[in-house]
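Below, each chain spelled out in residue letters.
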Number of protein chains: 4
Amino acid sequence: MKSATSPSPAVPPGIASAADYEIWARDHMDAGAWSYLDGAGADGITARANQAAFASIRLRSRVLRPLGGAHTRLSLHGHMHAHPIFIAPTAFQALAHPDAEHATAMAAAATGTAMVLSMQSGTAIEALQRTATPPLLWFQLYAQAQRRDTLALAHRALNAGARALVLTVDAPVNGVRNAEVRAGFRMPADIRPVHLDGLAPAHAKPAPLGGQPLFDTGMLDAAPTWDDIAWLREQINAPLWLKGIMDPDDAKRAAGLGLDGLIVSNHGGRCLDTLPATIEALPAIASAVGNSLPILMDGGIRRGTDILKAIALGARAVLIGRPVLHALATAGAPAVAHLIQMLRGELEVAMALTGCRCLDDIGPDVIWP
Amino acid sequence: MKSATSPSPAVPPGIASAADYEIWARDHMDAGAWSYLDGAGADGITARANQAAFASIRLRSRVLRPLGGAHTRLSLHGHMHAHPIFIAPTAFQALAHPDAEHATAMAAAATGTAMVLSMQSGTAIEALQRTATPPLLWFQLYAQAQRRDTLALAHRALNAGARALVLTVDAPVNGVRNAEVRAGFRMPADIRPVHLDGLAPAHAKPAPLGGQPLFDTGMLDAAPTWDDIAWLREQINAPLWLKGIMDPDDAKRAAGLGLDGLIVSNHGGRCLDTLPATIEALPAIASAVGNSLPILMDGGIRRGTDILKAIALGARAVLIGRPVLHALATAGAPAVAHLIQMLRGELEVAMALTGCRCLDDIGPDVIWP
Amino acid sequence: MKSATSPSPAVPPGIASAADYEIWARDHMDAGAWSYLDGAGADGITARANQAAFASIRLRSRVLRPLGGAHTRLSLHGHMHAHPIFIAPTAFQALAHPDAEHATAMAAAATGTAMVLSMQSGTAIEALQRTATPPLLWFQLYAQAQRRDTLALAHRALNAGARALVLTVDAPVNGVRNAEVRAGFRMPADIRPVHLDGLAPAHAKPAPLGGQPLFDTGMLDAAPTWDDIAWLREQINAPLWLKGIMDPDDAKRAAGLGLDGLIVSNHGGRCLDTLPATIEALPAIASAVGNSLPILMDGGIRRGTDILKAIALGARAVLIGRPVLHALATAGAPAVAHLIQMLRGELEVAMALTGCRCLDDIGPDVIWP
Amino acid sequence: MKSATSPSPAVPPGIASAADYEIWARDHMDAGAWSYLDGAGADGITARANQAAFASIRLRSRVLRPLGGAHTRLSLHGHMHAHPIFIAPTAFQALAHPDAEHATAMAAAATGTAMVLSMQSGTAIEALQRTATPPLLWFQLYAQAQRRDTLALAHRALNAGARALVLTVDAPVNGVRNAEVRAGFRMPADIRPVHLDGLAPAHAKPAPLGGQPLFDTGMLDAAPTWDDIAWLREQINAPLWLKGIMDPDDAKRAAGLGLDGLIVSNHGGRCLDTLPATIEALPAIASAVGNSLPILMDGGIRRGTDILKAIALGARAVLIGRPVLHALATAGAPAVAHLIQMLRGELEVAMALTGCRCLDDIGPDVIWP
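How each quantity is defined
Residues numbered from 1 in each chain as written. Chains lettered and ligands numbered in written order. Predicted model: local features only at pLDDT ≥ 70, side-chain atom pairs only at ≥ 80, totals over all residues. Heavy atoms only, no water. Helix = DSSP H or I, 4+ residues; strand = E, 2+ residues; numbered from the N terminus. Rg over C-alpha atoms; globule rule 2.2 N^0.38 Å. Buried < 20%, exposed > 50% of the residue type's maximum accessible area, 1.4 Å probe, protein only. Contact = heavy atoms within 4.5 Å. Buried area = accessible area lost by both parts, 1.4 Å probe. Salt bridge = Lys/Arg side-chain N within 4 Å of Asp/Glu carboxyl O. Polar contact = N/O pair within 3.5 Å; in protein donor to acceptor, adjacent residues only side chain to side chain. Nonpolar A, V, L, I, M, F, W, Y, C, P; charged D, E, K, R; others polar. Phe/Tyr/Trp six-rings, centres within 6.5 Å; stacked < 30°, edge-to-face > 60°. Lys NZ or Arg CZ within 6 Å of the ring centre and 35° of its normal. Lys, Arg positive; Asp, Glu negative; His and termini not counted. UniProt positions renumbered as here; feature names shortened; annotations may be inferred. Core = buried A, V, L, I, M, F, W, Y, C linked by side-chain atoms within 4.5 Å. Axes fitted to C-alpha atoms, helices over the stretch in contact; angles between N-to-C directions. Parallel < 35°, antiparallel > 145°, perpendicular 65-115°, else oblique. Left-handed = near helix turned anticlockwise from the far one by under 90°. Least-squares fit on C-alpha atoms with pLDDT ≥ 70 in both. Pairing = 2+ DSSP bridges.

## What about the overall build of chain A?
What chain A contains, in helices and strands, is 12 helices and 10 strands. Taken over the C-alpha trace, chain A has a radius of gyration of 20 Å; the compact-globule value for 369 residues is 21 Å, and the two agree within 12%. If you line up chain A on its principal axes, its C-alpha atoms span 70 × 50 × 45 Å. Looking at chain A residue by residue over its 369 residues, the buried ones come to 65%.

Structure representation (structure tokens):
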């Protein structure tokens, strides 16, 4: 038993939206695990803004258009995805449910959903691929202290079947995670990042008394730079994405290095607080890179209308993070599958009511000016 | 007994506004019936915006103008209406009060109010017309799976005395009605849409597991298009309105088809959430169609000042939906009549204090710039 | 004993601001009397906006200016007022305190404050003037159903010593006073407008069932028009002000008729709801009339900084309504005097900290742009 | 024992941010002492705005920049400060903790923090300098009723080792401190401004009954003017700063007099309410003085991101007032040191995540446009 949380044996009655899963999970989860999984950076301003910014964008209703044969398919790297909802990488899902990443993967497979597995998973990618119906997996990783370790991780993931790699670049240091301190959270001893076994750990020396609390620890010495990205790009012959881009200039630089895609993300508001909402940053970034590479985004997606808005403003698809954890903590795989089907249904309703038959129909003209 | 609600035998003391009826009804109605009648789409953002947008519009006070002989009359399709407040079509009023549509019709007749009867009424239009003092009725309908059924409905309503037809076009699919799911609402067995008896039901097949939750059900196959509207216009020799227009381009298209009027509506925020408030959409739509056809609007009207603002920004009259249900649930016909008289009185006060003697005096210059 | 309120025998400890008096009064007053004295029109949007608009205006601090000999005097109609705080006309002060208008007048005299006595006072103007130290009085009146009655009232007030007449023009009909209905308020039998004894009452016939709730009552037949103002101006050889002007065009018209001053007011938000805050309307009105006649304003003044802002944006002085009633209800004359002295002190602090030695120094440049 | 507050013997567990210290202190401090130390002017609008304005400024994340050798040092008056966080002058710290200014000074020394000692300290500057490891001290003073007393204070502070003098100019009169009145606060008899012993007290005569509450007291007669500043500048051969500048014109005037620096401050919102937030005023002031003299700022700093924003918008460093008192009241010197180290750490995280290696890298381009 990896956490004090007691999930429900089935989806509880009355769950009608992603928000309902959040309430259920918050009310039933161990407070420490909740602080780790759901906590935001500092004062949570960006985490709240991610959701609020969607709510403030108004849609245009368009009636009486023909909608026969409508669908939500999109093609990425030669794969036809059934819908534009991806599962975002989140660490240590065993904190939410004993079935952990296995449950999420099962729900992903059942609903035809791409799952971005976190490097900080407690379940190895090979174990997820060994099942009868494995999901389509992408693999998320952080640059390691030594380049050869980063490369080893990447090769392991690709060998295990990952279709793409996602390098997270917005968290060279930990954010200001007050919630965890206040809750006194400590990672349970039996939960560890299994993909890092055998790799060189990042050694951070303690800051001297009265010294620079971060800058004296050496944590930044191993932080990756654009040079490391350029190097990695040359080593990897598979789709390589950067995750955590919030600045148009950074996006242009990434495009210039031949990356395969960008994920606009502020780490769910868990890293630097008072960043803009991702949906606020998306249009400038989409405009900066034009059609040179595809963009995904995460942060604040709770409704099908949010997905529609993200696509209208430049994303090809979206990733869902916290809501998956909320559903997972509530009732495991069936709840995650239910969540995804609810969001798909809401997206289809939003498309029908704005007169869009397919994702390519969703342009800026569905936004009320 | 069609619901667990226990209406008051008379208007309770202290009821002074539409908001007071809402509070009374919410506190006394069966939670399931409340969720169906009052529930909004998804997060209720549009439902709240409908009201909040009125509150944020400021009026211009104009003093000392002559007000002798002031009145609120308006002429539509050759009928002189005593005032610009219509009763909006709402389904299954038996959920609010045992007297159901009979009570509403009685109040409408007593106050000289036009009532738009819903196709989803539990009371047949003929029954309402058979009373000693029937109200002026319009009839609202949805396009049916088969054109001949739509036409049959239309002819039945006109034969029964309906003065105009209102085709609702903004709900080809159900909105995201979380409130009903959360409340576990199910329609009581003895409440059904009597006007649909004998018509071909719309068959929606269930979506396959992991399939497209809406797009695979066939629900959209029967959804009407502009072609169906053009066809219906040719068949119907009576006033024909479209309800649910929120986009200026759609409004222009409707005007081009020779319709008799438009109702700017977002379905009370029950259909697609995060649409603009109707009073926000109204000016652009009024500007798009100019004087080519009359506009009504609903959504968020709770005060006489709201009615004044709607008329100032381009509506000829307004429709009242939820407040009628709140009054009906509180005390039946006398409460609905009281509600309408309160709103009329408030409108007259607002006209007097902005220096308007008649509806034509209510122009954009009553709005504080 | 005229109300169920039990005032404190002295100013309670801990009262430090106008807001503290409001809290004390609300907590101790009879709910019905409170609803009448403090209630706002309809939803109270304008009443709240009056205060909120002041809070949103930012000041400019200016330091190190010489402040020796600073004062707050202003001259109006040949009288040198010690400060720019007037007591606004409010009806039936016996609802707040047994000493009623006598207490307010005593506080006004003690603090050198001009008091605008309401026509709807329960105490006759002659009684207030008969005391040892009567305050400087202005007299507020409504136009009566018959011009000769209006003139009789005016002459009576001037004969009794009123220095100016204030004709309220923004309330030809009652506002939508829901609070009174909800509280079941009825005016106590022993409180009546003594100045109206012997004048022709305004006869309002009840509206017919289903008829126009206001327009059929004849209440507007006696409502004054600009012609009546022009006539009254010719009859009255004393300072004559209009109160309730919120529109620049109305202000210009008033200036053209030779009136002596205007009071920008929305009746404390008690009449037409969703009017702008008075401080929002003031600059446009001040700009419209230029220097042709002086402007006072009321509505939302709770702090010395509010007074400074009103003067900066075009008012010569301000009137205080509800706070006087709150202080009166709390502890009678000493509380009203204390309130006025607090506001004076706050104004002087605000002047000192924005570098203003006298009221003429308070210009638009004290407002942060 | 100087107050009823009972500080914790050590930093309580779960304290993770400046806000946590505020909550702890408010919950444990004597209400009167809290009202004095934490209370704001009038309605606290400016005090709240100071914090809220920071929250509304969005940052730009910039990834993958080289961060080796990052530091937070800055040089002022020839001294290399380890970081840009100064301790603001606050009066009578014995109200917060029995160790009073001694504890704050010890924490300042331990963390390499400059401390601006208040003239209204209960501990003499000489006593703080006599310890084994005294902090770097600046000395804050108000102009005294007599110029020679101001000069005597200045010389005493410089002789005791103060590196700079800070003349506060925004409080020639007390603000409207309602909180103290409501709490019935009186300064304990054993707490007094020891630096003023032997100087001529400012004699304020009481205002006459009904007279001008401030202007008749003579308090403003001794208020300093620009002439006094010019005179003092000539007398003092050490760094001389003005504190309390919120107006660009005042800033330019100060620059013209040869002062050594300005502190943009609204006295923590304790003086004139409804002034802008300091971070709102900072850009215009920085623009007005250009590079002619350095600017510090205080008001609302609660996070490392706030410090980053202040530097981006024109400040060289920031001062921390209330949070130091909150930490002091919680657990004395260790808590103050902990607070400063937390803020330093947060600043370093914010620099790392916006790609800044040193304070000079923090320009307007870290602000989201």
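Picking up where we left off.
## So, the interface of chain A and chain D
Accessible area lost upon the coming together of the parts is a frequently used measure of interface size. Facing the 40 residues of chain A at the interface are 37 residues of chain D. Buried surface at the junction of chain A and chain D, summed over both partners, amounts to about 3200 Å²; 62% is from carbon and sulfur atoms. Seen at the junction of chain A and chain D, the total is 4 salt bridges. D249(A) is paired through a salt bridge with R60(D); the nearest N and O atoms lie 3.2 Å apart. Joining chain A to chain D, the criterion identifies 18 residue pairs in polar contact (both at pLDDT 80 or more). If you list the elements that add at least two residues to the side of chain A that touches chain D, you get α3 (45-55), α7 (178-183), α8 (226-235), β7 (240-245), α9 (248-256) and α10 (278-289) of chain A. A per-class count over the side of chain A that touches chain D returns 24 nonpolar, 8 polar and 8 charged.

## Some details on the packing of aromatic side chains
Counting across every chain of the model gives 16 aromatic pairs over all chains. On the numbers, 5.1 Å between centres and 45° between planes, the contact of W138(C) with W241(C) is tilted. A residue pair is termed long-range when its members are at least 10 positions apart, and W138(C) in strand β5 (residues 137-141) and W241(C) in strand β7 (residues 240-245) qualify at 103 residues. Assigned by exposure class, W138(C) and W241(C) land together as buried. One cation-aromatic arrangement involves R270(A) over Y36(A); the distance from NZ or CZ to the ring centre is 5.9 Å.

## Overview of the side chain of D273(B)
Looking at the secondary structure, you find D273(B) in the loop between β8 (261-264) and α10 (278-289). Buried within the structure, D273(B) lacks any salt-bridge partner; its nearest side chain of opposite charge belongs to R303(A), at an N-O separation of 6.0 Å. Within the local environment of D273(B), its side chain forms a polar contact with the backbone nitrogen of D43(B), the two atoms lying 3.0 Å apart. For D273(B), the residues in contact, after removing those within four places along its chain, are L59(A), T305(A), G41(B), A42(B), D43(B), G44(B), I45(B) and T46(B).

## Points about helix α11 (residues 304-312) of chain D
Residues and elements named next belong to chain D. Burial analysis of α11 places 9 of its 9 residues in the buried class, which makes it a mostly covered element. All of the buried residues in α11 are G304, T305, D306, I307, L308, K309, A310, I311 and A312. After α11 finishes, the residue G314 shows a positive phi value of roughly 125°.

## What about the UniProt feature "binding site: glyoxylate" (unreviewed entry) in chain A?
Residue and element names in this part refer to chain A. Residues annotated in UniProt with the feature "binding site: glyoxylate" (unreviewed entry) correspond here to Y36, Y142, R177, H267 and R270. Turning to its location among the elements, R177 is positioned in the loop between β6 (165-168) and α7. If near-sequence neighbours (up to four positions away) are discounted, R177 is found in contact with A40 and R270. In contact with H267, not counting residues within four places along its chain, are Y142, T168, D170 and A171. A polar contact of 2.8 Å, which involves the side chain of H267, links it to the side chain of D170.

## A short note on the nonpolar core
Generally speaking, soluble globular proteins have nonpolar side chains that are buried together. Grouped together as the largest cluster of nonpolar side chains are 542 residues, with contacts concentrated most on L242(A), L242(B), L242(C) and L242(D). When neighbours within four sequence positions are excluded, L242(A) is seen to be in contact with L167(A), V169(A), W226(A), I229(A), A254(A), L259(A), G261(A), L262(A), I263(A) and L64(D).

## Focus: the side chain of N178(D)
Inspection of the secondary structure assignment puts N178(D) in helix α7 (residues 178-183). Looking at N178(D), the relative accessible area reads 3%, which means it is buried. Side-chain polar atoms of N178(D) contact the side chain of R303(C), separated by 2.6 Å. Those residues in contact with N178(D) that lie beyond four places of it in its chain are A16(C), S17(C), R303(C) and A42(D).

## Comments concerning the interface of chain A and chain B
Tallying the contact residues gives 37 residues for chain A and 40 residues for chain B. Here chain A packs against chain B, burying approximately 3200 Å² in sum over the two surfaces, 62% of which is carbon and sulfur. For the chain A face of the interface with chain B, the top three residues by lost area are L64(A), L353(A) and W368(A), together amounting to 23%. The interface formed by chain A and chain B contains 4 salt bridges. As a salt-bridge pair, R182(B) and D20(A) come within 2.9 Å of each other at their nearest N and O atoms. Scanning the region where chain A abuts chain B turns up 18 residue pairs in polar contact (both at pLDDT 80 or more). The set of elements that each furnish at least two residues to the side of chain A that touches chain B consists of α4 (100-111), α11 (304-312) and α12 (322-353) of chain A. With 10 residues, α12(A) is the largest single contributor of residues to the side of chain A that touches chain B. A per-class count over the side of chain A that touches chain B returns 17 nonpolar, 10 polar and 10 charged.

## Description of the environment of R233(A)
Residue and element names in this part refer to chain A. Checked against the element boundaries, R233 lands in helix α8. Looking at R233, the relative accessible area reads 15%, which means it is buried. Separated by 24 residues in sequence, R233 and L257 place their C-alpha atoms 7.6 Å apart. Ignoring anything within four residues of it in the chain, the contact list for R233 reads A238, L240, L257, G258, L259 and D260.

## A closer look at the packing of α11(D) against helix α12 (residues 322-353) of chain D
Residues and elements named next belong to chain D. The N-to-C vectors of α11 and α12 enclose an angle of 60°; their axes lie 7 Å apart at closest approach. With respect to each other, α11 and α12 are oriented oblique. The chirality of how α11 crosses α12 is right-handed. Across from G304, T305, I307 and L308 in α11, the residues of α12 making contact are L343, E346, L347, A350 and M351. Considering only residue class, the contact of α11 with α12 consists of 6 nonpolar, 2 polar and 1 charged.

## Brief notes about the relation of the copies chain A and chain D
Superposing chain A onto chain D takes a rotation of 90° combined with a translation of 0.0 Å along the rotation axis, leaving an RMSD of 0.0 Å. Taken together, these values place the two copies in the relation of a four-fold axis. Of the C-alpha atoms belonging to chain A, the one lying closest to the rotation axis is found on S56(A), 11 Å away.

## Some thoughts on the pairing of β7(C)
All names here are of chain C. Counting buried positions along β7 yields 6 of 6 residues, so the element is predominantly enclosed. As defined by bridge partners, strand β6 (residues 165-168) adjoins β7 across 4 bridges and the pair is classed as parallel. In the strand pairing of β7, T168 is matched with K243. Note that β7 and strand β8 (residues 261-264) share 4 bridges and pair parallel.

## Observations regarding the pattern of salt bridges
In total, this model carries 56 salt bridges over all chains according to the counting rule given. With its nearest N and O atoms 2.5 Å apart, the salt bridge here joins R60(A) to D247(B). Within this pair, whereas R60(A) is found in the loop between α3 and β1 (74-76), its partner D247(B) is found in the loop between β7 (240-245) and α9 (248-256), the two belonging to separate chains. Accessibility classification places R60(A) together with D247(B) in one group, the buried group. Within the structure, one salt-bridge network assembled from shared partners comprises D43(A), R303(D) and E346(D).

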